[in-house]
Amino acid sequence: MRLKSTILGLLFFTQLFSQTPSSNSQKIGKYIETYFQLDRENIHVQFNKDTYVNNEDIAFKGYVLSTKEGKPNTHTTNVQLVIYDDQEQIIQKQLLFTEKGVFSGGIHLNDKFKSGNYHFHFYTNWMNNFNEDYSFTEKIEIIDKNEVYNIKPTEPNWKTATATFFPEGNIIIDGINNTVGVKLTDCNQKPIEAKDILIVDSKSNEITRFDTNKMGNGSFYFIPSLNETYTLKIKTDKLNVNQPLPKIDETGLTLSYNNNLPKSILAVAVKTNDKGLQLYKGKKFILLLHQNINSVQKEFTLKEDENETVLLFDKKFLSNGVNSIRLIDENLNEVTERLVYHYGSAKPETTLVAKAIANDSIALYGKTNATNSNISISVLPKDNINSHQKKCIQGSFYLNPFLATPENNNFVYYDNENKTQKQDMELLMLNQKSSKYTWTNIKENPPTIKYNFNKGVTINGTVNKSPEVNSKFKISLISLKDNVFEDTTIDKNSNFKFENFYAQDSTVFILQMKNDKNIIKQTEILARVSANESKFMFPLRLEKNLCPIEKKPENNFVFTKPALGNSIINLEGVTIQNDFKNNLKYQNEMGLTADGYKIVDEYGSILDYLTRKGFRTGLDPETNTVFIRNPRDLFAEGSPAVYLDNAFLFDLNMLYGIDMSQVDEMYIDKTGFSDAMTGIGGTGGTGTIKIFLKEGANNAYFKVKHSSLVVTNGFSKNIDFKNATFETQKEYFYFGTLNWTPSISLKEKSEYELKFPKVGQKEIKVLVEGFTNDGQLISEYQTIPVE
């Protein structure tokens, strides 16, 4: 391509910035400033992998960036996660607490999750204010280990190969040299690499030939004739494609650029044919370069005798990532647009070394040349079927926020091992019809605030009306375990509210009313959590498989059934019936009809344990209170009498605060005779449960007689990630995770160390991602030997 790149042009460019801008230039500057004045949030989420067996844990770490500051968004607190299946049915929702621009979470999988693709959709309520979709979606696959798994082929579906054309400026102009981008994909949009693709005319004369890269992108140059038709042809043993090119236009304007000139210069060419020179001569245009609110303009007029006008820009005016080049006419309409990518500051380097150490373990030593940063690390066996890294944090923050169609497989454009990284990115920029930001929206439809920037949740409630209650009374919200002590006032309608509050699911809060002298007054208090759940206002963009499913028997993988002799027996504690009661300390506290249980190695909540013992337990959605129902009395609404260290519990919500690891012994009488003998509880013979805590456990907190609130619709609890067990080493190598570390904070030091079981690994795959406090992005994916 011919581009004029002279010293004179560069000097002229420099002078333009000292000239007084025209009225149109000022209007364009105002459009840009108005449209991008509100800050946006971009989200990237790193998963520990993307294919799971349904006895594993799914784990993820999220990063939120401010587009205006280019740094972690410290204002974001509420990130909504909605999980869909392939039929777009909602499987689960989570509200994720975000602090200093990061959040973590996950799911414990079980047999309820059947084989198939699932889509994790992350967004905020604030995102609904804009015309563009800033949400993040990740597709993962879950495998039911009880079924035969057919390993997906890495090859594309050759039979459905289709070429999509991207002419520069979205038109092919008669009689001048045109650049045309081509993307070759199958029915699942999987890229297809092909060699010697032909462009022929109507007489089958070869015009040119070209290749597509491994991302399916390619381009060719040709000088078309208006009265001729052209066809793309591919004929190999796997591919057979014949597609006509778009029609040739009589005239028009198109944009080209050279992003590889010395001295950090970007040369942009505006081109037309001879007919276009007559049509556009004397007309003024503005070339606008911008990313978000950062912009630079240049006004020019097409000369009568030149088909190509070249304008030079210093790259210091470009921002990291995708920048738009727009050609604007005298009426402030966009003529055409091109995208250019600027690799700005280099990302921090990360070095990784793995060494075998004692006890058949691996020590992973890492160093990232960036302090004051937050990173997450996933380590997989070398043979894991997650064989290629697809998304990366640079792609989520520097690339996809500006593309009309996100590039899901974007890691290759940032992989230091990819020697054609910049050429591949230029082809990707060519193969875009437009940016995410349309000029019509920028001119005519700037965003307005209709949706709040949600922070925390709201706890609403009311107290029982009484003449003595007045505006000087206060409601206290207390959680001793979480060190929460908050007060709020009661309004004239006896209502109260705690706003912008951090409340995690299953947390038990104490609610008490105090008068103006801080004396606690007994009253009935009802409260519930309002999560201000946000609905996503854009159409879902889920990455679905549209190709016909072709299962090859040679790709079948059958999971090994557990051998009976090797089965793990998960004891629920030791059950001691009446004839062994001499092993129990509190056996005299109950009658002969009660069963006693010595609690050994039990975890989970008391309600979980009682459910396993046959009781119906749960949380009443109307009253937000715990219920326990005796299985012997299917139609009874009463609860068994429940005692904690021989103190009768009037408020069963307190059971939410006790873990089974705190319990020493438990006695269960489903007959109700023990309760009848004591005459306490008034439950009508629906049973008795006595719980005794271990020595040293503090039960004072659970005996306080106040109203309580068990949090639902609050922030989801982060999971305690655990590696799943597999029956064979091959299964572990294919599907397992060696290590997941969601949060490493690097302050003054940039070194870190992880230790995990070796399990026969000679090489491991490591993914490190994160960002620094000043917005530098960290991403490193390596396969490294275990020394």
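Quick notes on the rules
- Residues numbered from 1 in each chain as written.
- Predicted model: local features only at pLDDT ≥ 70, side-chain atom pairs only at ≥ 80, totals over all residues.
- Heavy atoms only, no water.
- Helix = DSSP H or I, 4+ residues; strand = E, 2+ residues; numbered from the N terminus.
- Buried < 20%, exposed > 50% of the residue type's maximum accessible area, 1.4 Å probe, protein only.
- Contact = heavy atoms within 4.5 Å.
- Areas by Shrake-Rupley, 256 points an atom, 1.4 Å probe, with all protein chains shown as cover.
- Lys, Arg positive; Asp, Glu negative; His and termini not counted.
- Charge placed at Lys NZ, Arg CZ, Asp CG, Glu CD.
- Disulfide = S-S within 2.5 Å.
- Pairing = 2+ DSSP bridges.
- Axes fitted to C-alpha atoms, helices over the stretch in contact; angles between N-to-C directions.
- Phe/Tyr/Trp six-rings, centres within 6.5 Å; stacked < 30°, edge-to-face > 60°.
- Lys NZ or Arg CZ within 6 Å of the ring centre and 35° of its normal.
- Salt bridge = Lys/Arg side-chain N within 4 Å of Asp/Glu carboxyl O.
- Polar contact = N/O pair within 3.5 Å; in protein donor to acceptor, adjacent residues only side chain to side chain.
- 1 Å grid on protein atoms, 1.4 Å probe; cavity = no way out; pocket = protein on both sides within 12 Å on 5 of 7 lines; lining within 4 Å.
- Points joined across faces, edges and corners; volume = space filled by probe spheres on them.
- Nonpolar A, V, L, I, M, F, W, Y, C, P; charged D, E, K, R; others polar.

Points about the overall build of the protein chain
A count of helices and strands for the protein chain gives 10 helices and 47 strands. Expressed along its principal axes, the backbone C-alpha trace of the protein chain runs to roughly 110 × 70 × 50 Å. Within the protein chain, the proportion of its 787 residues that are buried is 51%. For the protein chain, the share of sequence-separated contacts (at least 6 apart) that also reach a separation of at least 24 residues comes to 71%. If you sum the accessible surface of the protein chain, you get close to 37,800 Å²; carbon and sulfur atoms cover 49% of it. In the protein chain, the 90 positive side-chain charges and the 94 negative ones have mean positions that sit 2 Å from each other.

Points about the state of the cysteines
Counted by the stated rule, this structure contains 1 disulfide. Between C187 and C547 runs a disulfide, and the two sulfur atoms are separated by 1.9 Å. Handedness here is read from the sign of the S-S torsion; for C187 and C547, about 120 degrees, the answer is right-handed. You can see C187 sitting in the loop between β11 (178-185) and β12 (194-201) and its partner C547 sitting in the loop between β33 (525-530) and β34 (556-557), a full 360 residues away along the chain.

With respect to the sheet that holds strand β45 (residues 751-757)
On the basis of which strands lie adjacent, the open sheet formed by 3 strands has the order β24-β25-β45 and antiparallel pairing. Every interior strand has two partners, whereas the edge strands, β24 (350-357) and β45, have only one. Going across the sheet, the axis of each strand differs from the next one's by a mean of 20 degrees, ignoring polarity. Here β24 pairs with strand β25 (residues 361-368) via 8 bridges, running antiparallel.

Digging into the packing of aromatic side chains
Enumeration over the complete set of coordinates arrives at 44 aromatic pairs. Residues F36 and Y437 carry aromatic rings whose centres are separated by 5.1 Å and whose planes lie at 70 degrees to one another, so their mutual orientation is edge-to-face. Taken as a pair, F36 in the loop between α2 (23-35) and β1 (41-47) and Y437 in the loop between α5 (421-430) and α6 (439-444) lie far apart in primary sequence, 401 residues in all. Look at F36 and you get buried, because its relative accessible area is 3%. On the accessibility criterion, Y437 (4% relative accessible area) is buried. Pairing F60 with F120 gives two aromatic rings, centres 6.5 Å apart and planes at 70 degrees, and the pair type is edge-to-face. In this pair, F60 is assigned in strand β3 (residues 57-66) and F120 in strand β7 (residues 116-123), connecting sequence segments 60 residues apart. In this structure, F60 and F120 share a single accessibility class: buried. One aromatic cluster is present, built from ring pairs that chain together F47, F60, F103, F120, F122 and F136. Across the ring face of F136, the terminal group of K391 is positioned such that the distance to the ring centre comes to 4.7 Å.

Topic: the environment of M127
One can find M127 in the loop between β7 and β8 (136-143). With a relative accessible area of 1%, M127 lands in the buried category.

A look at the pattern of salt bridges
One pass over the full model with this rule turns up 24 salt bridges. One salt bridge in this structure joins K247 and D249, with 3.3 Å as the shortest N-O distance. E337 is paired through a salt bridge with R326; the nearest N and O atoms lie 3.5 Å apart. On the criterion of sequence distance, the pair formed by E337 in strand β23 (residues 334-342) and R326 in strand β22 (residues 321-328) is long-range, its members being 11 residues apart. With respect to burial, E337 and R326 carry one shared label: buried. If you follow the salt bridges from partner to partner, you end up with K585, K598, D664, E665 and E695 in one network.

Describing the side chain of S135
Assignment of secondary structure puts S135 in the loop between β7 and β8. One polar contact links S135 to H121, side chain to side chain, over a distance of 2.9 Å. A distance of 2.7 Å separates the side chain of S135 from the side chain of D133, its partner in a polar contact. Each residue touching S135, except ones within four places of it in the same chain, is listed here: H121, F122, Y123, M127 and F536.

Examining unusual backbone geometry
The phi angle of most residues is negative, glycine excepted, and most peptide bonds adopt the trans form. Phi is positive for N372, close to 50 degrees, though the residue is something other than glycine. Residue position: N372 is located in the loop between β25 and β26 (373-381). Residue N372 is classed as partly exposed on the basis of its relative accessible area of 39%. Of note, N713 is a non-glycine position whose phi angle comes to about 65 degrees, a positive value.

Notes on the layout of surface pockets
One number sums up the size of the second largest pocket: a volume of about 1,300 Å³. Lining the second largest pocket are 39 residues, and of these Q504, D505, S506, Y656 and K717 lie nearest its centre. Those elements giving two or more residues to the lining of the second largest pocket turn out to be β5 (90-97) and β6 (102-108). Here the lining of the second largest pocket gets 4 residues from one element, more than from any other, and that element is β5. Its residues assigned to classes, the lining of the second largest pocket shows 11 nonpolar, 18 polar and 10 charged.

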